[in-house]
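Spelled out, the chains give:
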Amino acid sequence: MLHPGLPLKLTTNNSLYRGNYDSKVISVDEEEKQLIISAPLQNGRLILLPVGTILKVRPAGSSEDLGFQAEILSRTFQPQRTLTVTLPHAISHSGRAKPQDGSQAHGHTARVIAVTSGKGGVGKTTVSINMGVALSRMGYRVCLIDVDLGTANIEFLLNLNPPYNIAHLLNGEKSIDEIIIEGPENLLILPGASGLDRLANLSQWQFTRLVNSFNKLDQISDIVILDTGAGISANVTNFLLAADEIVVVTTPDPHAVLDAYALIKTAAQKKEGLQIKLIVNMVEKASDEARVKLNLLKACQDHLSQPLTYLGAIPESKTVIRSIREMDPFISRYPDCSAATRLQGICSRLIGTKTKVEQEPEKKGLHRFIGELQKLFNASGE
Ligand SMILES: Nc1ncnc2c1ncn2[C@@H]1O[C@H](COP(=O)(O)OP(=O)(O)OP(=O)(O)O)[C@@H](O)[C@H]1O
Ligand SMILES: [Mg+2]
């Protein structure tokens, strides 16, 4: 009954994209149990439904009971905007682009990764954005949150202009579905999270609202990346201590390396058993990478008894600078450049390293994170 050209009605209950959409069949692949349809429109407007969304699909004009449930497996933008969705009997949550480690994406709680540095300007935001896109491509649903309390610049760097932010959530005007926006390649972005520093001052009502919203975010994300500020103030370290794992970015510059060490020391003294990982950015020579890696790993082991997992290095690159000017992640615009290749390796290693929370699943997710964060902000009196 499904044939190319057949007009379709799509419905989804996905909390972010609830609605009815128009589409049509482009092709049917019975063998793979897949259907390719045109990207959905609502009132003539293109809707970027994310991979993993569950849809009710039915031929336009037919009754509800002729419909079937489908999951979006992938999207294409060139030469035509299309969605590949499952045909009946092929529903599977892990059916979207498979995570490359062969494991399933994490179900309904997110892995919270804080990206940080001792010194400012070493590339945290650049790494966070591109890592988000790379992980998203690997099939994970990724949400990027800018918790740098000084500046909220992810939206600006991606040339996005979100109408609402976390302040609208906390004052009750908007729900989390309404403030989250979709950036490049399915990456979800929660704008203006700088309000999170006032966690200790939130009313009970606001805190409950935040927890409920983060529970929703847990359900739609596999990985949450927090782009934090630099340094050792409680405004930064609280996010690190509450996260499941910490990615420290440094450059080979000795000042940046010393500040990275000071940050790791402060965090390790505040909490035992942290999972800390290292990326060296803006590397000009392989010997610089080797020096920083050796020095930091050894110092953390010898003086702090804090293991550090080395994720890899990203070269100093004109292509990276160009992509920042073009307001597009280098991993999307220049996927074959050396920075992109190295970053892909870093993401594979990041995913390959199991977190403690995976061994204790009940302890993971944004629900735990936000409770922990509030305790930390209360204790540090910020
Ligand atoms: N791999 C790289 N090669 C060349 N230049 C880079 C690279 N990574 C970052 N940069 C440069 O460093 C600048 C700062 O990067 P970014 O904003 O990501 O740092 P940050 O650590 O987030 O800074 P802040 O501490 O201010 O938040 C970029 O604008 C870019 O010019
Ligand atoms: Mg930054």
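Below: a short report on this structure. Computed from a predicted model, the values in this text were never measured in an experiment.

## Considering the overall build of the protein chain
Of the regular secondary structure elements, the protein chain holds 13 helices and 16 strands. Put simply, the protein chain has 382 residues, and 54% of those count as buried. With the model as given, the accessible surface of the protein chain reaches about 16700 Å², and the carbon-plus-sulfur share is 51%.

## Considerations on a negative patch on the surface
A cluster of acidic side chains, namely Asp 29, Glu 30, Glu 31 and Glu 32, defines a negative patch on the protein surface. With respect to the helices and strands, Glu 31 occurs in the loop between strand E2 (19-29) and strand E3 (34-38).

## Focus on the site of ligand 1
Around ligand 1 sit 17 residues in total, of which Gly 121, Lys 124, Thr 125, Thr 126 and Ser 317 are the nearest. Contacts to ligand 1 include Gly 123, whose backbone N or O atom sits 3.0 Å from an oxygen atom. Thr 126 is positioned with one of its side-chain polar atoms (N or O) 2.5 Å from an oxygen atom of ligand 1. Protein contacts shield 77% of the accessible area of ligand 1, which totals 630 Å² for the unbound molecule. Where the shell around ligand 1 is concerned, the elements lending two or more residues are helix H1 (124-137), strand E15 (276-283), strand E16 (308-315) and helix H9 (318-325). When the residues that make up the shell around ligand 1 are grouped by side-chain class, the tally is seven nonpolar, seven polar and three charged.

## Quick look at the side chain of Thr 84
One can find Thr 84 in strand E8 (residues 82-86). Looking at Thr 84, the relative accessible area reads 11%, which means it is buried. Excluding residues within four positions of it along the chain, Thr 84 makes contact with Gln 34, Leu 35, Ile 36, Glu 71, Ile 72, Leu 73 and Ser 74.

## Focus: the sheet that holds E16
Paired through their backbone hydrogen bonds, the strands of a sheet run either parallel or antiparallel. The strand order E11-E12-E10-E13-E9-E14-E15-E16 describes an open sheet built from eight strands, whose pairing is mixed. Of all the strands in the sheet, just strand E11 (181-182) and E16 have a single pairing partner and so form its edges. Of the strand pairs in this sheet, strand E9 (residues 111-117) and strand E14 (residues 245-250) are connected by four bridges, and their pairing is parallel. Each bridged residue has a counterpart across the sheet, and for Ala 114 the counterpart in E14 is Ile 246. Lying on the sheet, helix H7 (residues 254-270) is in contact with E9, E14, E15 and E16; it crosses E14 at an angle near 160 degrees. Set on the sheet, helix H8 (residues 286-304) makes contact with E14, E15 and E16; between it and E16 the angle comes to about 160 degrees.

## Brief notes about the packing of aromatic side chains
In this structure the tally under the stated criterion is one aromatic pair. A ring pair is formed by Phe 239 and Phe 377, whose centres lie 5.7 Å apart and whose planes are at 70 degrees; its orientation type is edge-to-face. With Phe 239 in helix H6 (residues 234-242) and Phe 377 in helix H13 (residues 366-380), this pair connects stretches of sequence that are 138 residues apart. Each member of the pair, Phe 239 together with Phe 377, is buried.

## Let's talk about the nonpolar core
Core analysis: the biggest nonpolar cluster contains 75 residues, and Ile 145, Leu 190, Leu 217 and Leu 226 have the highest contact counts within it. Split by domain, this core shows at least three residues from each of two domains, domain 1 (7-95) and domain 2 (111-380). With 38 residues, the next largest nonpolar core counts Leu 135, Leu 144, Ile 154 and Leu 187 among its residues.

## Considerations on the packing of H1 against helix H11 (residues 338-352)
Following both chains from N to C, one finds H1 and H11 inclined at 70 degrees, their axes separated by 10 Å at the closest point. Here H11 runs roughly perpendicular to H1, going by the angle between their axes. The way H1 lies across H11 gives a crossing that is right-handed. Across from Asn 130, Met 131, Ala 134, Leu 135 and Arg 137 in H1, the residues of H11 making contact are Leu 343, Gln 344, Cys 347, Leu 350 and Ile 351. Of the residues belonging to the contact of H1 with H11, the class tally is seven nonpolar, two polar and one charged.

## A word on the pairing of strand E1 (residues 7-12)
The alternating pattern of E1 places Leu 8, Leu 10 and Thr 12 on a buried face and Pro 7, Lys 9 and Thr 11 on a face that is not buried. Two strands pair when backbone bridges link them, and E1 and E2 are joined in this way by six bridges, in the antiparallel orientation. Bridged to Leu 8 within E2 is Ser 23. Following E1, the chain reverses through six residues before pairing antiparallel with E2.

## Here's the deal with H8
The end-to-end C-alpha separation of H8 is 26 Å, in line with the 27 Å expected for 19 residues at 1.5 Å each. Among the structural elements, E14, H7, E15, E16 and H11 are those in contact with the buried residues of H8. Where H8 ends, the next residue or the one after it, Ser 305, has phi of about 50 degrees, a positive value.

## As for H11
Between its first and last C-alpha, H11 extends 21 Å over 15 residues, near the 21 Å set by a 1.5 Å rise per residue. Ala 339, Ala 340, Leu 343, Ile 346, Cys 347, Leu 350 and Ile 351 are the residues of H11 that are buried. Down the axis of H11, the sector holding all buried residues measures 130 degrees, keeping them to one side.

## Observations concerning the pairing of E3
The sheet contact formed by E2 and E3 spans four bridges and is antiparallel. Note that in E3 the partner of Asp 29 across the bridge is Gln 34. Hairpin geometry of E2 and E3 is characterised by an intervening segment of four residues between the two adjacent antiparallel strands and by a positive phi of about 55 degrees at Lys 33. Relative to E8, E3 runs antiparallel, the two being bridged by five bridges. By the bridge assignment, Ser 38 is partnered in E8 with Thr 82.

Rules behind the numbers
- Residues numbered from 1 in each chain as written.
- Chains lettered and ligands numbered in written order.
- Predicted model: local features only at pLDDT ≥ 70, side-chain atom pairs only at ≥ 80, totals over all residues.
- Heavy atoms only, no water.
- Helix = DSSP H or I, 4+ residues; strand = E, 2+ residues; numbered from the N terminus.
- Buried < 20%, exposed > 50% of the residue type's maximum accessible area, 1.4 Å probe, protein only.
- Areas by Shrake-Rupley, 256 points an atom, 1.4 Å probe, with all protein chains shown as cover.
- Patch = residues over 30% accessible without salt bridge, like charges linked within 9 Å, V, L, I, M, F, W, Y side chains within 5 Å.
- Salt bridge = Lys/Arg side-chain N within 4 Å of Asp/Glu carboxyl O.
- Lys, Arg positive; Asp, Glu negative; His and termini not counted.
- Charge placed at Lys NZ, Arg CZ, Asp CG, Glu CD.
- Near = heavy atom within 4 Å.
- Polar contact = N/O pair within 3.5 Å; in protein donor to acceptor, adjacent residues only side chain to side chain.
- Nonpolar A, V, L, I, M, F, W, Y, C, P; charged D, E, K, R; others polar.
- Contact = heavy atoms within 4.5 Å.
- Pairing = 2+ DSSP bridges.
- Axes fitted to C-alpha atoms, helices over the stretch in contact; angles between N-to-C directions.
- Phe/Tyr/Trp six-rings, centres within 6.5 Å; stacked < 30°, edge-to-face > 60°.
- Core = buried A, V, L, I, M, F, W, Y, C linked by side-chain atoms within 4.5 Å.
- Domains from an automatic or database assignment.
- Parallel < 35°, antiparallel > 145°, perpendicular 65-115°, else oblique.
- Left-handed = near helix turned anticlockwise from the far one by under 90°.
- Expected span 1.5 Å × (residues − 1).
- Arc of directions from axis to C-beta.

That's the geometry; what it means functionally is another story.
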